[in-house]
Amino acid sequence: QVQLVESGGGLVQAGGSLRLSCAASGTDFSMDAMGWYRQAPGKQRELVATITSGDSRNYGDSVKGRFTISRDNAENTAHLQMNSLKPEDTAIYYCKADHPPTRINGRYYSARNYWGQGTQVTVSS
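Residues numbered from 1 in each chain as written. Predicted model: local features only at pLDDT ≥ 70, side-chain atom pairs only at ≥ 80, totals over all residues. Heavy atoms only, no water.

Engineer: In this structure, what is going on with the overall build of the chain? I would like to understand it.
Structural biologist: Of the regular secondary structure elements, the chain holds zero helices and 13 strands. Mapped from its N terminus to its C terminus, the chain presents α and β elements in the order β-β-β-β-β-β-β-β-β-β-β-β-β. For the C-alpha atoms alone, the extent of the chain along its principal axes is close to 55 × 30 × 20 Å. Burial statistics for the chain: of 125 residues in total, 41% are counted as buried. Partitioning the contacts of the chain with sequence separation of at least 6, the portion at a separation of at least 24 is 56%. Carbon and sulfur atoms make up 44% of the accessible area of the chain, which totals about 7,000 Å². For the chain, the distance from the average position of its 13 positive side-chain charges to the average position of its 11 negative side-chain charges is 5 Å. (Helix = DSSP H or I, 4+ residues; strand = E, 2+ residues; numbered from the N terminus. Buried < 20%, exposed > 50% of the residue type's maximum accessible area, 1.4 Å probe, protein only. Contact = heavy atoms within 4.5 Å. Areas by Shrake-Rupley, 256 points an atom, 1.4 Å probe, with all protein chains shown as cover. Lys, Arg positive; Asp, Glu negative; His and termini not counted. Charge placed at Lys NZ, Arg CZ, Asp CG, Glu CD.)

Structure, rendered in structure tokens:
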């Protein structure tokens with residue numbers, strides 16, 4: 001059972017920093033792309049950042065220059081360093097991981113997307 005465990009959320013003041021972590025467990029396969037998305041109550045989920053297995057990164061416009069995504073392939077983990085936090089960054093942050101297609105015991109399994117349970121980030125003004 002593949003699970004994504006997130007940590008690092010909390011309450012911070014505007015201008016502060018926070019570092020989120022996401023660890024994939026339950027598989028010996030390395031994840032393909034991993035990323036972070038966030039959702040505030042009543043709003044659509046939006047892209048924060050993604051990173052491929054080759055360390056190619058993509059950021060949402062609202063976080064460019066402030067957030068940095070990284071990963072440790074050996075540990076199947078992804079991190080999100082958030083600096084210069086603003087109240088508008090307040091949301092639940094979800095980790096997403098793309099599990100590659102596999103063939104186990106002659107059976108083929110298609111690629112799957114996995115989501116973490118979410119971690120709350122609250123930025124006070």
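Engineer: Is there a simple way to think about the pattern of salt bridges in this case?
Structural biologist: Close approach of charged atoms allows side chains with opposite charge to pair. Taken as a whole, this structure holds five salt bridges when the rule is applied. Its salt-bridge partner being Glu46, residue Arg38 comes within 2.6 Å of it at the nearest N-O pair. Lys96 is the partner of Asp98 in a salt bridge, and the nearest nitrogen-oxygen pair spans 2.6 Å. (Salt bridge = Lys/Arg side-chain N within 4 Å of Asp/Glu carboxyl O.)

Engineer: Explain the side chain of Asp98 here, please?
Structural biologist: Inspection of the secondary structure assignment puts Asp98 in strand 9 (residues 91-99). At 2.6 Å, the side chain of Asp98 forms a polar contact with the side chain of Lys96. If we skip the residues at most four places from it in the chain, Asp98 touches Met31, Asp32, Ala33, Arg112 and Asn113. (Polar contact = N/O pair within 3.5 Å; in protein donor to acceptor, adjacent residues only side chain to side chain.)

Engineer: Explain the state of the cysteines to me, please; I cannot follow it from the model alone.
Structural biologist: Covalent bonding between the sulfur atoms of two cysteines is what defines a disulfide. Evaluated as defined, the whole model comprises one disulfide. Between the sulfur of Cys22 and that of Cys95 lies a disulfide, 2.1 Å long from S to S. Sign of the S-S torsion, about -85 degrees for the bond between Cys22 and Cys95, identifies this disulfide as left-handed. Of this pair, Cys22 sits in strand 3 (residues 18-25) while Cys95 sits in strand 9; the two residues are 73 residues apart in sequence, bridging distant segments of the chain. As far as burial versus exposure is concerned, Cys22 and Cys95 are alike and both buried. (Disulfide = S-S within 2.5 Å.)

Engineer: So what exactly am I meant to see when it comes to the nonpolar core here?
Structural biologist: Taken as a class, soluble globular proteins show a tendency for nonpolar side chains to be buried jointly. Counting 27 residues, the largest nonpolar core has Trp36, Leu80, Met82 and Tyr93 as the members making the most contacts within it. Residue assignment for this core shows that the elements contributing at least two residues are strand 3, strand 4 (34-39), strand 5 (46-51), strand 7 (67-72), strand 8 (77-82), strand 9 and strand 13 (119-124). (Core = buried A, V, L, I, M, F, W, Y, C linked by side-chain atoms within 4.5 Å.)

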